[in-house]
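# Coordinates in review
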Amino acid sequence: MNDVTVELLGLLAPLLNDDITSETDLDPSARSAAVEPAMLQQALMNLCTNARDAMPDGGALTIETRAIHLTEAVDKARPGDYVRLAVRDTGCEIPDDLRDRILEPFFSTKEPSKGTGLGLSMVYTILQQHHGYLEIESEVNRGTTIAMHFPVVPQPADSSDDTLPQLLDHLSDFSAVQPFCEVSQP
Ligand SMILES: Nc1ncnc2c1ncn2[C@@H]1O[C@H](COP(=O)(O)OP(=O)(O)OP(=O)(O)O)[C@@H](O)[C@H]1O
Ligand SMILES: [Mg+2]
């Protein structure tokens, strides 16, 4: 898992400014999620570009996985097992009065040339399509964590299938994600 992580961060590196460090915090017990790898890739890239934009003076970006057991329904997500895939940054906070708006299509606080306001609405749509849920935590001086939760796919006991390695394989063709990345380059 560690090798795979290093590979992902290498691929993300061209997106990040030199003064942003990146690392992963992976839970070995996080299992496969019921999500198409290309969609997961796009959602993850959207969150990473937002984290980068929130840290114009540098900071730390962390990609985190966790196994989560949900005991009560959240939105359309039913109680059960989920894999949490979160992007954490140490950048500016999301003001309280904007929290309800940031998932809206075309809502952006960035200059028109830097943001269309579609990144988070796309993430939210992907989560809804997959019966998952989103958590947003943001605090002054501590930064923001945006966490996607996807339902876990029950796997046969002898299966070694794992969505994160699949995603990382997909990302190894960096040219596939380049056009998306260029949209948000400063
Ligand atoms: N990690 C974050 N830290 C602080 N603010 C954030 C973060 N992620 C999103 N936001 C806020 O939410 C708004 C909406 O984000 P969203 O990704 O939908 O659009 P955008 O980044 O402005 O444009 P686009 O993603 O289309 O290039 C941002 O303009 C920003 O104000
Ligand atoms: Mg964005």
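This structure is a prediction, so every number in the text was calculated from the model and none was measured. (Residues numbered from 1 in each chain as written. Chains lettered and ligands numbered in written order. Predicted model: local features only at pLDDT ≥ 70, side-chain atom pairs only at ≥ 80, totals over all residues.)

## Some words on the site of ligand 1
Residues in contact with ligand 1 amount to 22 residues; listed here are only the nearest, Asn50, Ala54, Ser108, Gly115 and Gly119. Looking at the shell around ligand 1, the elements with two or more residues in it are helix 2 (37–53) and helix 3 (119–129). Of the residues in the shell around ligand 1, the class split is eight nonpolar, twelve polar and two charged. (Near = placed C-beta within 6 Å. Helix = DSSP H or I, 4+ residues; strand = E, 2+ residues; numbered from the N terminus. Nonpolar A, V, L, I, M, F, W, Y, C, P; charged D, E, K, R; others polar.)

## Observations concerning the environment of threonine 71
Mapping threonine 71 onto the fold places it in the loop between strand 2 (59–70) and strand 3 (80–89). Residues threonine 71 and aspartate 81, spaced ten residues apart in sequence, show a C-alpha to C-alpha distance of 8.9 Å.

## Some remarks on the environment of arginine 88
Tracing the sequence through the fold places arginine 88 in strand 3. Looking at arginine 88, the number of C-beta atoms within 10 Å reads 21, which means it is buried. In this structure the C-alpha to C-alpha distance between arginine 88 and glycine 143, which are 55 residues apart in sequence, comes to 7.5 Å. The contact partners of arginine 88, leaving out residues within four places of it in the chain, are Thr62, Glu64, Gly143 and Thr145. (Buried ≥ 20, exposed ≤ 12 C-beta atoms within 10 Å, placed from the backbone. Contact = placed C-beta atoms within 7 Å.)

## A look at the nonpolar core
Core analysis: the largest hydrophobic core is formed by 33 residues, its most contacted members being Ala43, Leu44, Leu47, Cys48, Val87, Val123 and Met148. Only helix 2, strand 2, strand 3, helix 3 and strand 5 (143–151) provide two or more residues apiece to this core. Top element by residues in this core is helix 2. It accounts for seven residues. (Core = buried A, V, L, I, M, F, W, Y, C linked by C-beta atoms within 7 Å.)

## Examining the pairing of strand 1 (residues 20–25)
Where strand 1 lies against strand 2, six bridges are found, and the strand directions are parallel. Bridge pairing in strand 2 places threonine 21 opposite alanine 60. The parallel pair strand 1 and strand 2 is bridged by helix 2, and the resulting crossover is left-handed. (Pairing = 2+ DSSP bridges. Right-handed = clockwise from strand over helix to strand, strands pointing away.)

## Observations concerning the confidence of the model for the chain
Looking at the chain as a whole, its pLDDT mean stands at 81, while 77% of the residues score no less than 70. A low-confidence stretch, residues 1–7 stays under pLDDT 50, and its non-local contacts, those more than four residues away or across chains, total eight contacts. Segment residues 169–186: pLDDT under 50, and 18 contacts once partners within four positions in sequence are set aside and those in other chains are kept. (pLDDT = per-residue confidence, 0-100.)

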